[in-house]
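What follows is each chain in one-letter form.
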Amino acid sequence: GVRAATWNVARNGARANASLRHHLSACHADVISLQEMNAPLYMRGFDVFSSVRGDVLLVAREAFGLRELHLAFERVVCGFSETLFIVGLHAPSSGSTASKATFFDSLAKAIRSRAGQREIIVLGDLNLSHRVTGASRILSKFCDDLRLKDGNRSHLMTRHGYDGQRDSILDFILATCPVDGFSTSWVRTRMNSDHCLAVANIDTVWKEVSKSDRSEARKKPPRIVDECITTNPSDDAVAALGTVWNE
């Protein structure tokens, strides 16, 4: 299986890089999505992919042999292998319910056109609070479009409202295969993020890539499927991304 994690570090990456690596290592995750990063990250034995804006990182064990892929979104970064298609994202926090629905509809179409028959894992801060009217409907449609299962079946809060806002669920671990053991932990040390570190186990089979194949994959540049990277691309922009490829 795959142990997955997601964490919005609230722009604390530069100030507490060593602390960040410690907490990520302690959770024993195979793949991690980090949001609001403001500094590069290096972890021994892991590949690190960055979104176009540089504030969303996808961190995965080298043994996965993932290749980097950028869809037509500023704060989305993907990694894919023969069997897995993994997405790290930070969805827009502002905007109307209609604009958020458009964002997730466009994202689902882009993922579906690229993932092929691979298992899909989506990790990140979706900014779809269960307290906001219409958010649950948007999440449900996004999951239905991609056949994703939500790992947080106990509805654990993932954002702590110490800033005066109420506690909420913003951070998600979604997958096309079964997700179990979703848990959250508050890391209130030097990180001081208002989001928790969320971890879950994903029941999927993956094939370890040999060192020679990993070296060959690293020689290939990241795939950028649309030169017009935007926060919220139109349906026409998504349709123009091209046909499914399975390399």
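Keep in mind that this is a model prediction, so the values were computed, not measured. (Residues numbered from 1 in each chain as written. Predicted model: local features only at pLDDT ≥ 70, side-chain atom pairs only at ≥ 80, totals over all residues. Heavy atoms only, no water.)

Peer 1: Before we move on, can you summarise helix H3 (residues 135-146) with the specific residues and values?
Peer 2: Taking 1.5 Å of rise per residue, the 12 residues of H3 would be expected to cover 16 Å, and the 17 Å separating its terminal C-alpha atoms lies within 8% of that figure. Of the residues making up H3, those classed as buried are Ala-135, Ile-138, Leu-139, Phe-142, Cys-143 and Leu-146. Along the axis of H3, the buried residues cluster in a sector spanning 130°; they form a single face. In H3, the exposed residues that point more than 90 degrees away from the buried face are Ser-136, Arg-137 and Asp-144. (Helix = DSSP H or I, 4+ residues; strand = E, 2+ residues; numbered from the N terminus. Expected span 1.5 Å × (residues − 1). Buried < 20%, exposed > 50% of the residue type's maximum accessible area, 1.4 Å probe, protein only. Arc of directions from axis to C-beta.)

Peer 1: Tell me what's going on with the packing of aromatic side chains, and back it up with residues and numbers.
Peer 2: Tallied over the entire structure, the rule returns three aromatic pairs. Residues Phe-73 and Phe-103 carry aromatic rings whose centres are separated by 5.5 Å and whose planes lie at 80° to one another, so their mutual orientation is edge-to-face. Note that Phe-73 is positioned in the loop between strand S5 (67-70) and strand S6 (76-80) and Phe-103 in helix H2 (residues 97-115), a separation of 30 residues in sequence. You'll find Phe-73 and Phe-103 in the same group, each marked buried. (Phe/Tyr/Trp six-rings, centres within 6.5 Å; stacked < 30°, edge-to-face > 60°.)

Peer 1: Mind laying out the nonpolar core, listing which residues take part and the relevant values?
Peer 2: Counting residues in hydrophobic clusters, the biggest one holds 31 residues, and the most contacted among them are Leu-89, Phe-104, Leu-107, Ile-111, Phe-142 and Leu-174. Counting residues per element, this core draws most heavily on H2, at seven residues. Membership of the second largest hydrophobic core comes to 22 residues, among which are Val-31, Ile-86, Leu-123 and Phe-182. (Core = buried A, V, L, I, M, F, W, Y, C linked by side-chain atoms within 4.5 Å.)

Peer 1: Talk me through the pattern of salt bridges; I want residue IDs and the actual numbers.
Peer 2: Scanning the entire structure with this criterion turns up eight salt bridges. We note a salt bridge from Arg-53 to Asp-55, for which the minimum N-O separation is 3.7 Å. Judged by relative accessible area, Arg-53 falls into the partly exposed class, the value being 49%. Between Arg-75 and Asp-55 there is a salt bridge, with its nearest N and O atoms 3.3 Å apart. One end of the pair, Arg-75, is in the loop between S5 and S6; the other, Asp-55, is in the loop between strand S3 (46-50) and strand S4 (56-61), and 20 residues separate them in sequence. For the pair Arg-75 and Asp-55, a shared accessibility class is recorded, and that class is buried. Among the charged side chains, a network of salt bridges with common partners joins Arg-53, Asp-55, Glu-74 and Arg-75. (Salt bridge = Lys/Arg side-chain N within 4 Å of Asp/Glu carboxyl O.)

From the geometry alone we can't say anything about function, so treat these as descriptive.
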